[in-house]
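Coordinates in review
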Protein chains: 2
Amino acid sequence: MVEISRRRAIEDVASELFRAHGYAATSVRDIARVLEIQGPSLYAHVTSKEAVLWAIVDRAAARFEAAAEAATRATGIDPVEAMAALVRAHVRVITDDVGAAAVFVHEWRALGPDRRSAVLERRDAYERRFREVIETGIAGGDFEMTDPALAATAVLSTLNGIPGWYRPDGRLPAGRVADHFVDLVLRMLQGASR
Amino acid sequence: MVEISRRRAIEDVASELFRAHGYAATSVRDIARVLEIQGPSLYAHVTSKEAVLWAIVDRAAARFEAAAEAATRATGIDPVEAMAALVRAHVRVITDDVGAAAVFVHEWRALGPDRRSAVLERRDAYERRFREVIETGIAGGDFEMTDPALAATAVLSTLNGIPGWYRPDGRLPAGRVADHFVDLVLRMLQGASR
DNA sequence: TCCCGCCTAACGATCGTTCGTTTGCTACGG
DNA sequence: CCGTAGCAAACGAACGATCGTTAGGCGGGA
């Protein structure tokens, strides 16, 4: 395997360990052991354990933001279409790197105060994209909702459960997962059976 | 506040700290500090840190199971009604003790192998209740679903996001939260407008 | 007097991190 | 073709701090 960057390899290993056991329960020496080097040797490539977590979280956040941005740009103003694109983009980011996505969703509280609040701010902005599409859909009669903010939170909760069970070699390929969740989310937002 | 059991007070404090910072990031001395005693003094009431986590997780699991059992017993065979009761019961257990529910959902991986697999087994059995109602609903034409297992997982993901934002003194009272989520879940399961 | 709740002291282990040194390769001057 | 300078990567020892936990003692209410 060609080694582009030792640092990136560290972050990938750390992603998987943080996902499986959590940031606090994963020691620097645990990460090093997987790479078959000694714990302190890691510090030739990274400045601190928290910096590794931050690199993972920051990159994951950027991928979510870029995917949502692209999805919004690619679709017109039709809320149903826009929401489907947002969901599909979100699921793709998760399935492309489950470890990083899980760390982004669950381990941001381990960051220091500054970085933690920065993540929360970006998360709010991201959720706002979903809420605005929902509000547009309500105004246009495409969606039936009394509480758009709660609906956006519920939608993202549903999607963010995926890293808890999805595995790249599981019974459902990533594309099918996306299809199913687009369907589920649109059902949540569109009017009930009547 | 009348103090029924010192041990229970420890578990309640631990619930809140485990929820806020995670099990591994919470020290025994952190728990003791909130109770205004010294760290080692906890061991007069408790046998180990993991035992505290187990007590919290076990009680939360039992409350989920009991609530689901009661909900199932109270409703007939109508799947829509049964699912509504299951969702309402689940949300009530969460809102009754957000801390314990959050710990149950997120911190079970910190348990030792035996207890962890015991929890996973109970969680599977619990999820099975949801899946069976969904399957019954599909068979009777009440629900439209191609993948009942995935639907059950998605429903529980949606509900288990609640501890991430619900606060007893928040803008939504517990009853409204339950109403909204019953609505959202039934929409997910029932046929869409398309 | 006894016991229960809490104390302080201390243990071995492990944590994140720093430091000085060694290793193995690549490039280049003579 | 040799010798050597340079460099990135990893090593092993060691640091201070903190972890979960044990042990023994002290004080006050029944």
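Quick summary incoming for the structure in this document. (Residues numbered from 1 in each chain as written. Chains lettered and ligands numbered in written order. Predicted model: local features only at pLDDT ≥ 70, side-chain atom pairs only at ≥ 80, totals over all residues. Heavy atoms only, no water.)

Turning to the interface of chain B and chain A, a few remarks are in order. When the parts come together, some accessible area is lost, and that loss is often what is quoted as the size of the interface. Opposite the 31 residues of chain B that make contact, chain A presents 32 residues. In this assembly, chain B packs against chain A so that about 2,700 Å² is buried in total across both faces, 56% of it on carbon and sulfur atoms. Where chain B meets chain A, there are two salt bridges. Taking the shortest distance from any N to any O, the salt bridge between A:Asp147 and B:Arg171 comes out at 2.9 Å. Linking chain B with chain A are 17 residue pairs in polar contact (both at pLDDT 80 or more), by the criterion used here. Secondary-structure elements contributing two or more residues to the side of chain B that touches chain A are helix H1 (6–21), helix H7 (148–160) and helix H8 (174–189) of chain B. The class makeup of the residues in the side of chain B that touches chain A is 14 nonpolar, ten polar and seven charged. (Contact = heavy atoms within 4.5 Å. Buried area = accessible area lost by both parts, 1.4 Å probe. Salt bridge = Lys/Arg side-chain N within 4 Å of Asp/Glu carboxyl O. Polar contact = N/O pair within 3.5 Å; in protein donor to acceptor, adjacent residues only side chain to side chain. Helix = DSSP H or I, 4+ residues; strand = E, 2+ residues; numbered from the N terminus. Nonpolar A, V, L, I, M, F, W, Y, C, P; charged D, E, K, R; others polar.)

You can see A:Glu11 is positioned in helix H1 (residues 6–21). Excluding anything up to four places from it in sequence, A:Glu11 contacts A:Val52, A:Ala55, A:Ile56 and A:Arg59.

All right, on to helix H6 (residues 113–139) of chain A then. Residue and element names in this part refer to chain A. Taking 1.5 Å per residue, 27 residues should reach 39 Å; H6 reaches 38 Å between its end C-alpha atoms and fits that length. Buried-residue contacts for H6 involve helix H3 (49–74), helix H4 (79–96), helix H5 (98–106), helix H7 (148–160) and helix H8 (174–189). Directly beyond the C-terminal end of H6, a positive phi value near 85° is found at Gly 141. (Expected span 1.5 Å × (residues − 1).)

Before going further, it helps to examine the protein's contact with DNA strand C. Taken together, 15 residues lie near DNA strand C, and A:Tyr43, A:Lys49, B:Gln38, B:Ser41 and B:His45 sit nearest. Backbone atoms, meaning sugar and phosphate, make up 60% of the atoms of DNA strand C lying within 4 Å of the protein. B:Gln38 is positioned such that a nitrogen or oxygen atom in its backbone is 2.5 Å from a phosphate oxygen of DNA strand C. Tallied by class, residues from the surface near DNA strand C come to five nonpolar, six polar and four charged. (Near = heavy atom within 4 Å.)

Okay, the pattern of salt bridges next. All names here are of chain A. One pass over the full model with this rule turns up 28 salt bridges over all chains. When the shortest N-O distance is used, the salt bridge between Arg 115 and Glu 50 registers 3.1 Å. Residue Arg 115 is found in helix H6, and its partner Glu 50 is found in helix H3; the two are separated by 65 residues along the sequence. The class of Arg 115 is partly exposed, set by a relative accessible area of 30%. What you see here is one network of salt bridges that share partners, running through Arg 7, Glu 11 and Arg 59. (Buried < 20%, exposed > 50% of the residue type's maximum accessible area, 1.4 Å probe, protein only.)

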